[in-house]
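Here are the chains, one letter per residue:
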Amino acid sequence: MSESQYPSDMSGRLNTAVAHNARVWNYWIGGKDNYEVDQQVGDQVATMFPVIRDVARADRQFLGRAVQFLTADCAVRQFLDIGTGLPTLDNTHEIAQRIAPESRIVYVDNDPIVLVHARSLLTGTAQGATDYIDTDVRDPAGVMEGASATLDLDQPVAVMMLGILNFVLDTDEARDIVRRVMAAVPSGSYLALTHPTTDTDLGGEGNVEAMTFWNENATPPITARSRAEISSFFDGLDLVTPGLVSCSQWRPEPNSASVLPQFGALARKP
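Residues numbered from 1 in each chain as written. Predicted model: local features only at pLDDT ≥ 70, side-chain atom pairs only at ≥ 80, totals over all residues. Heavy atoms only, no water.

Quick question: what am I supposed to make of the side chain of Asp81 here?
In this fold, Asp81 is placed in strand 2 (residues 78-82). No salt bridge is formed by the buried Asp81, whose closest oppositely charged neighbour, Arg60, lies at an N-O distance of 6.4 Å. (Helix = DSSP H or I, 4+ residues; strand = E, 2+ residues; numbered from the N terminus. Buried < 20%, exposed > 50% of the residue type's maximum accessible area, 1.4 Å probe, protein only. Lys, Arg positive; Asp, Glu negative; His and termini not counted. Salt bridge = Lys/Arg side-chain N within 4 Å of Asp/Glu carboxyl O.)

Sorry, what's going on with the pairing of strand 3 (residues 104-109) here?
Every other side chain in a regular strand lies on the same face of the sheet, so the side chains alternate between the two faces. For strand 3, the tally of buried residues reaches five of six residues, placing the bulk of the element in the interior. Here strand 2 pairs with strand 3 via five bridges, running parallel. Its bridge partner being in strand 3, Gln78 is matched across the sheet by Arg104. Handedness of the strand 2-helix 5 (residues 92-99)-strand 3 crossover: right-handed. (Pairing = 2+ DSSP bridges. Right-handed = clockwise from strand over helix to strand, strands pointing away.)

In this structure, what is going on with the pairing of strand 5 (residues 158-162)? I would like to understand it.
The buried fraction of strand 5 amounts to five of the five residues, a majority that puts the element mostly inside the structure. Because side chains alternate across strand 5, one face comprises the buried residues Ala158, Met160 and Leu162, and the other comprises Val159 and Met161, equally buried. Where strand 2 lies against strand 5, three bridges are found, and the strand directions are parallel. Paired with Asp81 across the two strands is Met160, which belongs to strand 5. With five bridges joining them, strand 5 and strand 6 (residues 190-196) adopt parallel strand pairing. Paired with Leu162 across the strands is Thr194, a residue of strand 6. Regarding topology, helix 9 (residues 171-183) serves as the crossover connection from strand 5 to the parallel strand 6, and that connection is right-handed.

Structural data, given as C-alpha cells:
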C-alpha cells in the first residue's frame with residue numbers, strides 16, 4: 001500500500017510510520033492492507049506470543065458463528081457493529097444478508113484506514129441496508145444517534161463489540177459504554193463481545209509481555225482483562241449458552257475448539 005492510495009483529506013489522519021492495530025490485525029489474518037512496520041511489529045508480537053495469529057482468526061470465526069446464530073436462530077435483522085476493523089471475507093452484513101436479505105447493518109469505527117475502505121462495507125442487498133459511521137466508541141450517544149438513521153431502535157438490535165473494549169483502558173469507562181449502548185436498544189436485543197484476557201487457565205499470561213511491547217511500539221494502547229472484569233460487561237443481560245468462554249469454544253465447528261486467551265460471549269437483553 002502507498003499513502004497516495006488514500007484521499008487527500010485522509011492522508012493527514014494516517015500515520016504510516018507507527019504500527020496500527022487495524023493493519024496488524026489484518027496482517028495476522030492474512031490480509032494485504034498493511035505496511036512493513038505493521039508486519040515487523042506483528043511478527044515480533046507473534047514471536048513473543050505465538051498464539052496471537054490463532055487468536056485473530058478465532059475472533060473472526062466467532063463473528064461468523066455469532067452473526068449466523070443471531071440471524072438464523074434468533075431472527076435478528078439489525079446489527080450495530082462497533083469497532084468493525086478493516087473489511088475482509090464474510091463481514092457482518094454479508095453473513096446476515098445471505099441468510100436474511102432484508103437485514104440492516106451499521107458499522108462504526110474511527111480509524112481513518114477503515115473509513116477509506118468503508119465503501120466495500122456498503123455493498124449490501126437491495127432489500128436490506130448497510131451504513132458506516134465514523135465515530136468513536138467512547139461517544140455512545142453519537143454512535144446511537146448515527147445508527148438511528150439506518151436502524152429502527154424500537155426493534156431488537158444485535159450490538160457487536162468484538163475486540164474493541166480492550167482499547168478502552170479504564171474498565172469503569174468501558175463498562176459505562178456498554179451500559180449506555182445497551183440502554184438505547186430495546187428488550188430482545190443482543191450483545192456479542194470478545195476481549196483478550198490475562199487468565200492463566202486460557203493461557204493469558206503471555207498477553208502481559210506482548211501487550212507491554214505493543215504499547216511501547218504501536219497504537220492504540222491495549223489492555224487485557226480478567227474473566228470477572230469481562231463478565232461485568234454483561235451485567236443485566238442473560239448470557240446465551242455456553243456463556244463466557246474462550247471465543248474458539250463458543251458453539252465451535254467440530255475439531256476447532258482449542259482454548260485461546262480471548263473470551264467471547266453472546267447475551268440477550270431481557
